Amino acid sequence: PDTTRSFTPASMPRAAAPLTFSRASPLWRRAAAAKARAAAPAALRSSAFCPPLIACGCHGLARVRAGFASTVRSTWLLREGAQLNCAPDTLPEAFQDYIDEVCEAAEASLKRYPVPMGYPMNHHQTGALEQVTLAIQAVNGGEVLNNCVDPFDFESSHWKTHTLEQEKKLILRFLEEWGAPEGKGYGHVTTGGTEGNLEGIRAGISRFGPESKTLTIYSDQTHASVPKVCETQLRTPTAIVPSLPNGQMDPERLAEVIDVSRNVLSHDKYVLVATIGTTFKGANDDVAALTRAMESVGVNRREDVHVHVDAALNGGFWNLIEDGRAQRLRIGHEIDSLSMSSHKWHGGFVGGVIIMANPADTAIEVPYLGFTDRMASGSRDGMVAPKWHARLRQFDWLEEFRRCEANAHLLLQALRERGIAAHRNDPGVIVVFPKPSDAFCDRFQLAAHGDLAHVCVMPHVSEQIVGAFLEELDHDEGGETVRRMREAEFD
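In this report, we go over the structure that sits alongside the text.

### Section: helix α12 (residues 287-296)
In step 1: The set of residues buried in α12 consists of V287, A289, L290, T291, A293 and M294.
In step 2: Just downstream of α12 lies G298, where phi reads positive at about 90 degrees.

Written as structure tokens, this is what we have:
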């Protein structure tokens, strides 16, 4: 079929030659999307609508493939063809063969593991974000955007292939949402929660300086990244506080730890890592109670403690809750730094953000880039900030959270009606219960820890998916799995 289209934009000078591009061009795809949108039923005419081949993602490509290798190649290579300024058919055969290979692997995985439910990653309508990539590449010709400079110090740098303006706007938005004083605060996009926790803890340690004896404290339910960065990267003294049965850090035990550290080990400064949405139980540490516990043993919260909050999952919806269930946490007030992950609550791309009252005092000058480097990372994906901005505008996120909570409650009650002990921390979307069979955990990609497992009821986990999950659970191993789960002890 005809593979090219030509047009002359109204804004182009008449003497200029018309643009010619193939179906591989993002411009052609944008025009096709607009045409399809106009012809679509009203129910589909929304800001989230995009043609199926754009929105499908890798698993969608596997479904579209249906044995037509050339169709899959053309679909997959639309963006790549534009970036290379060539038609898909001119790419090396080895390149095209690999596309077949990866699509076949995706198809096999999709058939075997259809719905991921155990890990906090939102897969709901994430394909629409491809329009952000296509729109930017249509303008810049497919250049890779590298935000390797500080979003608060980039104007004087000669490096211009970035989206640092968008990144700064994103950081300022989150600082405002988390109550930072106007005109104060700092932050940047990260590779994910691990880097965010590294930056938050590092900011606290550097704030107190080498003359202080600083102890980093976290609970036994803290994400694995916290002990990892403390032990392997920061090499800082740490203490682990036991948690309550629901997964919250125990304030009384925190007071005991601090009392011993002050009077026996002579520690005088502290970095406290609190969590809202612990990794497995989804517990929310009571920061106010932890603060009172520290002050009860003579610690001055404002002068002696840097409170970092790991809000990888629950941070995405925390400030939407206005009924008193979500404790008010403000940067520069109750807390000093906070980390969130983009791929968890909002979904669609892997990344994160760190926001804080003040950056770590460990900056170095980088003359060849023309800025002062205050970050742990170097190169950072320039597409994260634009995609996050778009994602925030894609849905009413309060409605998304309410729907998730309703489906989490539905799952919780259904398990209990079957005689299975189950628990959900409020507010939150994680439901914990005795571990089913290994085969069942594999099929639904459930996270398991010891004798327990959990489901993260993310926006892509609909009421229908919850129903299918329960139906398969009822029939797993001929009903034997449910019987064992009823008999299991649950802490």
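What follows continues from the structure just given.
### As for the pairing of strand β3 (residues 186-190)
In step 1: In terms of burial, β3 is a largely internal element, 5 of the 5 residues being buried.
In step 2: One ladder, built from 5 bridges, connects β3 with strand β9 (residues 352-356); its direction is antiparallel. Within β9, the residue paired with G187 across the bridge is I355.

### A closer look at the sheet that holds strand β4 (residues 214-219)
In step 1: Overall, mixed pairing links the 7 strands, which are arranged β3-β9-β8-β7-β6-β4-β5 in an open sheet. A single partner strand is all that each edge strand has here, and the edge strands are β3 and β5 (238-241). Strand-to-strand twist in this sheet, taken as the mean axis angle between neighbours without regard to direction, amounts to 15 degrees.
In step 2: Of the strand pairs in this sheet, strand β6 (residues 269-275) and strand β7 (residues 305-310) are connected by 6 bridges, and their pairing is parallel.

### Looking at the nonpolar core
In step 1: Residues W178, I217, L254, L338 and I355 are the most contacted members of the largest nonpolar core, which totals 58 residues.
In step 2: Every residue in contact with I355, bar those within four places of it in the chain, is listed here: I171, F174, L175, W178, Y186, G187, I331, S337 and L338.
In step 3: If you look at the next biggest cluster of nonpolar residues, it comprises 25 residues, including A414, F440, V457 and V466.

### Topic: the packing of helix α7 (residues 130-140) against helix α15 (residues 384-392)
Helix packing for two helices is described by the angle between their axes and how far apart those axes are.
In step 1: At their nearest, the axes of α7 and α15 sit 9 Å apart, and the two run at 130 degrees to each other. The orientation of α7 relative to α15 falls into the category oblique. The two elements α7 and α15 cross, and the hand of that crossing is right-handed. Contact residues: V132, T133 and I136 in α7; P386, K387 and A390 in α15.

### A look at a nonpolar patch on the surface
In step 1: Together, V260, V264 and L265 make up a nonpolar patch on the protein surface, roughly 270 Å² of accessible area in all.
In step 2: Within the element layout of this structure, L265 appears in the loop between α11 (251-263) and β6.

Thresholds applied
Residues numbered from 1 in each chain as written. Predicted model: local features only at pLDDT ≥ 70, side-chain atom pairs only at ≥ 80, totals over all residues. Heavy atoms only, no water. Buried < 20%, exposed > 50% of the residue type's maximum accessible area, 1.4 Å probe, protein only. Helix = DSSP H or I, 4+ residues; strand = E, 2+ residues; numbered from the N terminus. Pairing = 2+ DSSP bridges. Axes fitted to C-alpha atoms, helices over the stretch in contact; angles between N-to-C directions. Core = buried A, V, L, I, M, F, W, Y, C linked by side-chain atoms within 4.5 Å. Contact = heavy atoms within 4.5 Å. Parallel < 35°, antiparallel > 145°, perpendicular 65-115°, else oblique. Left-handed = near helix turned anticlockwise from the far one by under 90°. Patch = residues over 30% accessible without salt bridge, like charges linked within 9 Å, V, L, I, M, F, W, Y side chains within 5 Å. Areas by Shrake-Rupley, 256 points an atom, 1.4 Å probe, with all protein chains shown as cover. Salt bridge = Lys/Arg side-chain N within 4 Å of Asp/Glu carboxyl O.

Any functional reading would require information beyond the geometric quantities listed.
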